[in-house]
Each structure stands twice: as structure tokens, then as C-alpha cells.
Amino acid sequence: MESGILSSLILLPLLGSLLIVILPKAYKVFYKWICLITQILLLINVTTILGLFDRTKSEYQFIEHSEWFRLSLGSKSILSIDYILGVDGLSISLVLLSSIVFLVAAVSSFKITYREKTYFSLFLLLTASVFGCFLAVDFFLFFVFFEFMLLPMYFLIGIWGGENRAFASLKFFIYTFSGSVLILVVMICMVISNQDEFFTSEYARLVYSFDFRTLKDSTNLIDSSILSIKNPVTIFGLPARDVMFLLLLVGFGIKMPVVPFHTWLPDAHVEAPTPISVVLAGILLKIGGYGILRVAYEILPDATVKYAVLIGALGLVSIIYGALNALNQTDLKKMIAYSSVSHMGFVFLGISAFNSIGFNGAMFQMFSHGILSSMLFLVAGVIYERTHNRNIDAFQGLAKKMPVYTLLVAVAFFGSLGLPSLSGFIGEFLTLHGAFQSDHLPKLIPVLGILGIVLSAIYFLRTFQRMFFGEFHTRDEYRMLLKDLSKTEIFMLGSLAVLTILTGVWPSLIFRYINSGLTEILK
Amino acid sequence: MNPESLVFFNLQIYLLGFIFFLSLNNTVFVKTTGAISLVISTLGVIVTSSLLVNNPGTVILTYDWLPVGDEPVHFILLINAQTRFMLFLVQVIACFVNLFSMKYMSDDPGVNRFFAYLNLFVFSMLGLVLAGNLLQLYFFWELVGFCSYLLIGFWYAKKTANAAAIKAFLVNRIGDAFFLAGIFLLYYLYGTFRFDDYAHLSVIERNYIYLDAGQLQTLAVGLLFGGVMAKSAQLPLQVWLPDAMEGPTPASALIHAATMVVAGVFLLGRISPLITADAGLFISITGALTSVIAGFSALYQYDLKKVLAFSTVSQLGFMVAGMGMGEMASSLFHLTTHAFFKAGLFLCAGAIISYLHHEQDMRKMGDLIRKMPTVFAAFLICSGALIGLPLSGGYLSKESILNAAWIYGLRSADYKLVVPVLLTLASFLTTCYVVRMVVMVFFQREDSPVEIILDTTKKTVDGALKSIKGLLTADNKGSGEDRIIQFIRNLGVFDTVTLGLAFCSLWFFYSSNPLHPEDTWFFREFGGIHEMYDWLPWLVGFLILSALLISYNSTLEEIRRYYFKQPEGRWQRWFSRLALRQFYMDNLYERLYRKVFTGRWSILKPVSYIETAWIDAAVVKLGKSSLYLAKMAGTLEKEVVDASVMGFFAGIKSLGNKIRKWGNGNIQLYLTGLIIALAAMVFILIIL
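The structure displayed is predicted, hence computed values, not measured ones.

A. Focus on the overall build of chain A. Across its full length, chain A carries 23 helices and seven strands. For chain A, whose C-alpha radius of gyration is 23 Å, the value lies close to the compact-globule estimate of 24 Å for 523 residues. Evaluated residue by residue, chain A yields a buried proportion of 59% over its 523 residues. Summarising the internal contacts of chain A: among those between residues at least 6 apart in sequence, 78% fall at separations of at least 24.

Printed below as a string of C-alpha cells:
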């Protein structure tokens, strides 16, 4: 079924971006509306996809396949790079998440008043590349979108960020770029060790394909190649497949981020403007988790299982270490950034379990963290936009002055600390549960992981108490500035809060889409 | 109506009430929240009573919830005997508390918030009671903890209330961490979360490290008991409950006395088929120890609500010990009677505190027997039930637990005797502190401190707020008449509620025989009662009488010392301070918390050091070193590669220059050169 609906997810924002670029500055009031309308159209398309998605199937759906280019490598082989889009159980929840988070971020971007043209065109460019990343079935296409994401992100942080934006954006860029290099290495190794049997026989030449479906199939492995299972090649004493896996782990681990590759995150988050923080925490971090599942788990399952303990331990370290660092912060945004590290640790813990419970939990945790961290950064943005101060100690007793804000902050904070009936609980519970029932992990890892929920309760409650309870007290110049939420803010935070509650009470809203896809990976 | 629609109706009205009241903020309807909430809880009681009367047996309702893995987790509502009585109990107490709060909270600006939280709590508690599997129970277990957090911190501007709320939540979180580990381990052993499966499924034989399946099961129950320790305030996690008294008194009555804190006992009842002998011993010893230690603490408190709080802890110890001994019936029975008389006591305390303008120090009370005769009557009946005097419900339930404990202790190994001895000691202590409390609060004193309090508050409180004493002393003639009528009508709420709860703590509510618990509903439903020791009532009666005498005298002595500011004896002072501060357990935890998270030896310091000095510094160094490398490359480029190329050029050029000098037109020189070159060639050819 070639409907083109997936392409529309990439083309629409590209067109919007183009429209903004060619529209003269005299019409600059329309820029944000173009952006918003594009995002709404995207959400409509995504819901259509959700409606048509066949939940029982585990393979790609809505496949769009067209030839991109063929590169002849001498007379013996051809490099075949195709434009293939598809969506399966693994990506569909993240596509949905992206379109929700981008919509909210677009609404939040209405406050941008500096160089709107560049901002909104870059924002739409970012949208296109994120969707492209989740939808690509071709490794090369995936990599192109994955790399391309950095460009708008770099400028969005570098131009509209806070005081230290230049350093932060550079750090972000270099960090993630060096991760990409590792992925590139792996991509090349993977491609040259797999042949596309069908086309190979058709062209009578060796065809190297970037198609994930081809790479996944171990029968396509070329016997003498570097990744061959039959004739293992060793690099520095390690089997080549293991080395590939470790490179991927670092590459995507930087994106995720997992301790010790996480230090770009606090800087980038603190300096980025609110909508960009929202996108960064809500979606970009998920691409790390998605990439590991898509590339490492599907293509190198044997090497991955070997390192289950390593993945689990990295997750555990992230959970505990991120939480301890969050406890240490006085900057609200930094605290939230470290809490992100801690929560993404649960994703690692879940995927290290190698059972259905853990995988589902990890996917759910990604979705839930996308919603909750978006909320958290919007919450921090509300305070920062009013007072230009993010220090937790600068505020006290806000509950009296801003009751609606307090309510929504409570949803975000308690959701993040894993209160049942909000989505964070389901993710944390299932990842820990999966890790505990797993045959690949020592029981100590999930048991220590439980400590994470105690620590997260400490830092969230402490912040909540300091900022919102007690008598209202703050600097005099802030008193007039601290007004309760505007209608737009209530819309953004409120809709995310509703999603959190909805998925927390009725988690099968998400699970019914992802379950079959994840069971497939397990095999 | 079928049970399904009944329980759903029950759950829904409270949830809708919560949402509705929360949205009422700042509207004219705020004043009506209490009335609407009362309607909701009355409806709830009526609906549940139909469930109790019709007795549909065990009903299990299953819905899809978490379609994960091979064994999807269902949302299960389990309605059996244990569910039904608890559903009824929670809602009846909630109804009483609701009525009481209508007056107690009427002047508070956040009254709608209060009723919203109350409804959310009842909803979550019903969810907990109905939960058919462990995951679901944990779900609502945390939610009731959350409601407790909200209600303890209800007056959020108050610093102490905030601290207490956070403490309650964190201590419960620690307990929940154990609980969670226990859930995982049980699933590991049984492959299911469902309660109804635990009764008949056998353990999947697994060994882990050095433990066999039986020991693992003991461990799992022990871990679950960790959650119970926090929620039901057992040693050593009981420290949050006394502080939780910062919340509004009706909330304390409902949550921290009657319903939420017994959730742990309820859980133990649910998993009772799993409790192994070793786990049972551990549980019952913990319960018995808790009841004694809390009894000592209660004996030395001055704050009326704190005495009641410690008494709650002590009674919870009884119930937990009962569960540990496998006496589900008597434990649940005591849970029920305790819910009524303790809620009654708390609401009496609320009435007293409201009457005394938020004075909670018992030493400053006294003489209330004349001022609040109805409340005194209710208080006395509830206290009687707490002590376990005959004709009260408390007598029946406590006696059955003690009896079971003595059977448990005498029938088997001798170290089990610890449990009955401790429990008997605890019941002795109960009498002591109850007598002390009643004497201090109600009995006549010469200089009636109540007058002093009322006088001082009259001076401090603004004229608009009329002192209750003014209302009291106003005579019935003339202008004061309608005020008196108003006063009586207002006070009527407190009186009805406390008296109602006091009646519920009498024996006829539970059994037709006031002296023997045999034919109570609980023993018919859950079994139990093997043998009654005839000497036990005599022993307990003797203890009660002696405690009455000792405590009456010592309390008078204590009051006398308080007024004349005489110090106590040295060891007495030492022990009272120890008991007052919960044997420094609370202090220890707070210091531990501070040590770990703040101060010089905090673990956060090395963490931040690692973060900035190692990881981040390494990244920055990496960046810097790449810059340095680039610089090196730049130098190399300039100094070596470029320089060599340029040098080569320069060399050629200078060579050219040199050669050019020769080409100056001197033919002889050219010829000489030619000849020399020729000669050299010939010479070379010859040599070669």
C-alpha cells in the first residue's frame, strides 16, 4: 500500500520551512502560525496512521519504497541506497510522541520574538529530520536524518539560548557528532558484510543494501565478511560483532544519554530556550534508545545478549548517579536535566532484561518520559520567563500565588517520581519488574534500581516543598511578575497532564501498539 | 444491582467528588462542598451495605489492563469477605468524619480542597481494598500514601506540616521500595500477582544463590512486610506517624487512625496463605515490640493527638502480631473495633482542640468534664474500648488476640513466649496512658487552666472572633438566647459524631455475647478460636485494675509537679525524655539523612566532584587536547611541510642565482668548464 502518508510527515514540515523562508519579513506574524498549522496537520496524519495501523502485525507497515541511488563499486558490487519509509510497533509510539511534543513546543515557541524567520524554519527542519529518523527503514536514510538533526539543533541552542549558549551548543554538537562517527563506522561494517540476495541474483553483482530488513536477516551475512558469525573476526581480541555492538552502545548512549557520556545534557538543557529544551528532552533523547533497539538489538542480537549485564549496569549507574546529581542542584533546569539522565537509565535497565516485560516497560518509559520531561521543562520555563531566575531557593510559597501552576507542577513532579495513576509509575515498575524476572541479569541490579525511586522522591519533593510551600516569599521585584498561568500555558501543561494521567491509568493505550513489534525483537 | 455495578458506583462517586471539589476553587459553591461530600459518602455507605447484606460470596471481576508479555496483568476486583467488611468500614468511618469535618473545617479557606482530598483518599482506599492482585494493591497503596501526604501538608504555609508531610511520604517510599522488591520476588516464585492464585498455586522451584524456594518465600514475605512496616507504622519505620498529626484532626482520625494505617494489616491478611512460620515469627515479634515501645512513648507525651498517635501505633502492633501468628480473624476484628474507637477518640480530641482554640497540650487542659459532658461520655466509652473493658468491642477483639498469642506462645518453642508477654505488657501500658489522658484532659483541677487559656486567647484574638467562653457563660435570658441556640446546634455535630462512634465501639455491634467473642461475624467468616484460656480475663482484669490505680496516682502527681514546677527524679526524667523522643530513633534517622545528603560527609560531595572534576573535566580535556593536537598539526604544517616546500623553492632560486652568475658571457670560462666536464666524463668511463 503506497499511500505516501509517511512521506507527508517529512514533506509537510519541509514545505512549511520553505514557505517561511520565502515569505518576506513583512509577514512575520504568520511564521509561527505556519509552524503551528504544520504541526497540527502532522498530528492529524499521525492519528490517521494510528487508526490504520494493524496492531497484530509485527513487520513494517505503510511501506514506501523508491530507489534513491545506486553506486557502482567497481565491476563486482553495487551499493544500493533506497528511500524506504515504514512504521512498526517499535517506532509508532515514538512517532506519536514526537508529534505531540512538537505541537506543544510549537505553541511554546510563540514567545520567540528574535529572528523569527530563522527560528521557525529551523524548527520545522528539525521536525522533518526527527520524523525521518523514526520512519527510515534504510540505514543510510536513518543516518542522514540522524546527522541532519544536529544542524538545526546547534543553531537553535546557539542563537536563542541563554548566556552561555555558544559553549553549550558547541559541546552538544561535538559530543553527539563524535557519537555519530562511531555509528558511521558500524554502518559501513554492517553494510559490507551483508548482501541483498534478491538483488544480487538479479544484477549478477554483489549488492550491498542498507535496508534494515536485509541487515536484520542473518542469512544475508557474507561468510568471509567482518561480521560473519561462522568465521569470527577479532579486533583487539574481541569478536568483531561485539566491537560493533560496543561502538553502537557508546554512539547511541551519548544521545540517550547514559552515564558517563551525559555531561552535554545539563549544559545544553540549561542554555536552550524552553521549546527547544522540551524537544531535546521529549524526543531527541528517545532517538538514542530507539537507535539501540533498532540497530543493535535487531541486527546484532547475539552480541547484545552477551552484554546484557553491561547495559543493565550502565542503566543502574545512570539511575543512581543521575538522581544523586539531581539532588545536588539548585538550578531548577539542571535538576530536571539530571532527573532525565536518571529516568533514561530505567530505559536501559528495561532493555537489558531481554524479556517482553522489560522491553515494553522501556518503550513505555520512553513515551512517558517524553511527556513528563516536556512538562517539567515547560514548568521551568514558566518561572524563567517571568523572572529570568531559575534558582530553586529564590522562590518560596508559590502555591498561594499561583494555584493552577502548582497543581500542574504537582502532576509533573509526582508523575516523574513514579506515583501510580501517572504514567511514570508504569514505566518504572515494568522496567524494574522485567529486569528482576530476567535470566540475563543478576538480581542485584534491579534491587539497587529500586533505590532510584526513593531518591527521585527525595529530590522532587524537596524541590516542590521549597518552591511551593511555606509562606509566599521572594525578591520584591518578582512579586509583580509572578502571575498564574496564561491560557496558552494552561493548554500546554494541561494537555500533557491529561496524557500522563490517561496513559498512567490505561497503559494499554500505548501497549497495544508496541507489544507485537517488541515481541518480534525478542525472537 | 449486581456487585460489579455496586463497586463501580462506589468508586466513581468518590472520584467524581474529588474532581468536582477541586474545580470548585474560588466559587460561591465552596461552602456547600461539605454537604455534597456528605451526600456522596452516605450514598456510598448505603450501596456498600447492600453488598454486605446480600452476601454474593466471592466475586472476581477481571478486566484487561497491562497486556505485557506472556502473562498479561489484569485489573482485578476481588470481592470476598475481607473486602466486604473493609469496604463498609472505610465508608462508615468516612461518613462520620465527613459530618464532623463539615463543622470543623467550615471556617478554613481551603475547605473544598480538604473535601477533595478526603474523597480522593476514600476512592484510593476502596481501590486498595478491592485490589485483586499485588500490583494493583501497590498502585492504590501509593495513592493512599499520596493522599496522606496531601492531608498532612494540608496547611501548606506551616513549616512543621510540610516537614511532616515529606517525612511521611519518604518513609513510606522506603517501605514501598521493600514492598516492590517483595512483589518482584513473589512473582519470581509464583509467576503471578493474583491473590487468588497464591492460595492454591505451588512455588516454582527455584534456587537463588544459597536460598531454596521456602527461604526465598520467607524473604519475599519479609520484604512485603517492609512495606507494612512503613504504612502501618511498625518498628523501625514508625517515626512518621506521630508527626503526621500536623494535619487536620478529622483527617488524622480517618487516615492515620482508622483506615490507611491498617492497610498493612489488610495486606498481611491478603497474603496470609504465603506467610511461612519463620516470617510469621518475625512479623509477630515486630508487632509485639512495636506495641510495647509505642506504649511507653504514649505514656510520656503531652500532646493529646500524639498520645493517640502512639496509641494507634501500639494497637497496630497488636493487629500485626495477630497476623503474624496466623490469627486473621481476631486481627481483622481488632482492626474493625479499633477503627471505630480510635476514630471516636480522635474526633473527641478534635472537638476538644477546637474548643480550646487549638491548644493540644494536655497539661493545660483539665476540667473539661463540666464543659463538654457529651464529648466526655463519648471519650470515656471509646477509652474503655481501647483499654479493653468488658461490654466494649475492644474487650472482645483484644481478648481474642491476647488469647491467641498465649496459645501461640505456650504451645511451641519457648522463645515464642516473647510475643504474648510483650503484648500483655502493652495492654498494661495501654491502660496506664489512657487513664493518664482521661485524668489530664477531663478531670477537675483547682485552678482550672482552661479558664486561663480562654482568657488569654480572648485577649489576643480579635474582637470579631468571639471566644467560645463568651458563648458558654452567656445566660439564657435576653439577647444571648439565639446565640445559645446557635451554639448548641453547632456543637451538636461534634456530639452526634463522637457519640455515634462511641456506640459503634460497644459490644452489641459485633456480638450478642458481651463477654465472649465466639459468635462474632469475623470468627464465623475467617475461622479461628481454638481454645479459650479461662485465666486470661482474670490476668488482664488484674492488670487493668492495677494500671488504673498506679496511673491515676502518678498522673495527679505529674500534674502537681507541673504546676509547682518540681523536677522529676533523675532516672524518671531520663526515661521520659527517651520515651518522648521515640527512643531517639527519629533523631537517628534525621541525622542519618542529614549526614548522607548534606554536610561534610555527604555522598553528594564526591558525586559532584566526580561529575565536575572527572567526567566533565575529562571531556573538556579531550576537547582541549584535540585543540592542542590541531595546534601541533598547524605548527607542523607551517614549520615542517610548508617550510620544507618553501625552503626547496628558496634553494632552487638561490642555486639559479648562483648559476646565473656564471653565465656572464665569458666564453673562455664556458670552454674551460666544457673541457673539465668532458675530462671528468672520460675519466669516469675509464674507471668504470
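Now that the structure has been shown, we can carry on.
B. Quick look at the overall build of chain B. Per the secondary structure count, chain B includes 27 helices and two strands. The C-alpha atoms of chain B give a radius of gyration of 39 Å, which is well past the 26 Å a tight globule of 688 residues would have. Reported as C-alpha extents along the three principal axes, the dimensions of chain B are approximately 155 × 70 × 60 Å. Counting contacts in chain B only where the partners sit at least 6 residues apart, residues at least 24 apart contribute 79% of the total.

C. Representation of unusual backbone geometry. Along the chain, M256(A) connects to P257(A) via a cis peptide bond; the corresponding omega equals -10 degrees. Within the secondary structure, P257(A) sits in the loop between helix 10 (240–255) and helix 11 (264–271). Here the amide bond leading from L235(B) into P236(B) is cis, since omega sits at 0 degrees, within 30 degrees of zero. By the secondary structure assignment, P236(B) is in the loop between helix 8 (213–231) and helix 9 (240–243).

D. View of helix 23 (residues 508–522) of chain A. Spanning 15 residues, helix 23 of chain A covers 20 Å between terminal C-alpha atoms, matching the ideal 21 Å at 1.5 Å per step. Along its length, helix 23 of chain A reaches its greatest deviation from straightness, about 45 degrees, at I514(A). On the buried face of helix 23 of chain A, the contacting elements are helix 3 (89–108), helix 12 (274–299), helix 16 (356–387) and helix 22 (487–505) of chain A together with strand 1 (59–66) of chain B.

E. Region of interest: the packing of helix 5 (residues 134–152) of chain B against helix 6 (residues 159–190) of chain B. Residue and element names in this part refer to chain B. Two numbers describe how helix 5 lies on helix 6: the axes approach to 9 Å, and their chain directions differ by 175 degrees. Compared by their axis directions, helix 5 and helix 6 come out roughly antiparallel. Residues L134, L135, Y138, E142, G145, S148, Y149 and I152 of helix 5 touch helix 6, and the partners they reach there are A161, A164, A165, A168, F169, N172, D176, F179, L180, I183 and L186.

F. Looking closely at the environment of L548(B). Within the secondary structure, L548(B) sits in helix 23 (residues 535–563). Overall, L548(B) belongs to the partly exposed group, with 15 C-beta atoms counted inside 10 Å.

G. Layout of the packing of helix 1 (residues 3–23) of chain B against helix 2 (residues 33–54) of chain B. Residues and elements named next belong to chain B. Contact pair helix 1 / helix 2: the axes reach a minimum separation of 9 Å and the direction vectors enclose 170 degrees. Here helix 2 runs roughly antiparallel to helix 1, going by the angle between their axes. Between helix 1 and helix 2, the contacting residues are P3, L6, F9, N10, I13, Y14, G17 and F21 on the first element and T33, S37, I40, L43, G44, V47, T48, S50 and L51 on the second. Here the contact of helix 1 with helix 2 is composed, by residue class, of 10 nonpolar, seven polar and no charged.

H. Up close: the environment of E327(B). Relative to the helices and strands, E327(B) resides in the loop between helix 13 (304–324) and helix 14 (328–355). Note: C-alpha distance between E327(B) and V97(B) (230 residues apart in sequence) is 30 Å.

I. Focus on the pairing of strand 1 (residues 61–73) of chain A. All names here are of chain A. As judged from the 10 bridges shared by strand 1 and strand 2 (residues 77–87), these two strands associate in the antiparallel manner. What sits directly across from L73, in strand 2, is S77. Between the antiparallel neighbours strand 1 and strand 2 lie three residues, among them G74 with a positive phi of about 65 degrees.

J. Molecular detail of the interface of chain A and chain B. Across the contact, 43 residues belong to chain A and 39 residues belong to chain B. Of all elements in the fold, only helix 14 (308–327), helix 16, helix 18 (403–416), helix 19 (423–437), helix 20 (444–468) and helix 23 of chain A reach the threshold of two or more residues within the side of chain A that touches chain B.

K. Focus on helix 10 (residues 249–258) of chain B. Residue and element names in this part refer to chain B. Helix 10 sits mainly inside the fold: 10 of its 10 residues count as buried. Turning to helix 10, its buried residues number three or more, namely T249, P250, A251, S252, A253, L254, I255, H256, A257 and A258. On its buried side, helix 10 packs onto helix 3 (81–104), helix 4 (111–130), helix 5, helix 9, helix 13 and helix 14.

L. Inspection of the sheet that holds strand 1 of chain A at higher detail. All names here are of chain A. Read across the open sheet, the three strands follow the order 1-2-3; overall the sheet is mixed. Strand pairing shows two members of the sheet lacking a second neighbour, strand 1 and strand 3 (206–209), which therefore form its edges. Taken pair by pair, the neighbouring strands of this sheet meet at an average axis angle of 25 degrees, ignoring direction. Here four bridges tie strand 2 to strand 3, and the two strands are oriented parallel to one another. What sits directly across from I78, in strand 3, is V207. On top of the sheet, helix 1 (residues 5–22) reaches strand 1 and strand 2; it is set at about 70 degrees to strand 1, its chief contact.

M. Summary view of the environment of F413(A). Residues and elements named next belong to chain A. In this fold, F413 is placed in helix 18. Along the sequence, F413 and S342 sit 71 residues apart, while their C-alpha atoms lie 14 Å from each other. Ignoring sequence-local partners within four residues, the contact set of F413 consists of F460 and F464.

N. How the structure looks around the confidence of the model for chain B. All names here are of chain B. This prediction gives chain B a mean pLDDT of 81; 91% of its residues lie at or above 70. Looking over chain B, one finds the lowest element-wise mean pLDDT in helix 20 (residues 468–473), namely 46, and the highest in helix 5, namely 91. The model gives residues 457–479 a pLDDT under 50, and that stretch makes 17 contacts with residues more than four places away or in other chains.

Reading guide: rules and limits
Residues numbered from 1 in each chain as written. Chains lettered and ligands numbered in written order. Predicted model: local features only at pLDDT ≥ 70, side-chain atom pairs only at ≥ 80, totals over all residues. Helix = DSSP H or I, 4+ residues; strand = E, 2+ residues; numbered from the N terminus. Rg over C-alpha atoms; globule rule 2.2 N^0.38 Å. Buried ≥ 20, exposed ≤ 12 C-beta atoms within 10 Å, placed from the backbone. Contact = placed C-beta atoms within 7 Å. Expected span 1.5 Å × (residues − 1). Bend = angle between axes of the 7 residues up to and from the residue. Axes fitted to C-alpha atoms, helices over the stretch in contact; angles between N-to-C directions. Parallel < 35°, antiparallel > 145°, perpendicular 65-115°, else oblique. Nonpolar A, V, L, I, M, F, W, Y, C, P; charged D, E, K, R; others polar. Pairing = 2+ DSSP bridges. pLDDT = per-residue confidence, 0-100.

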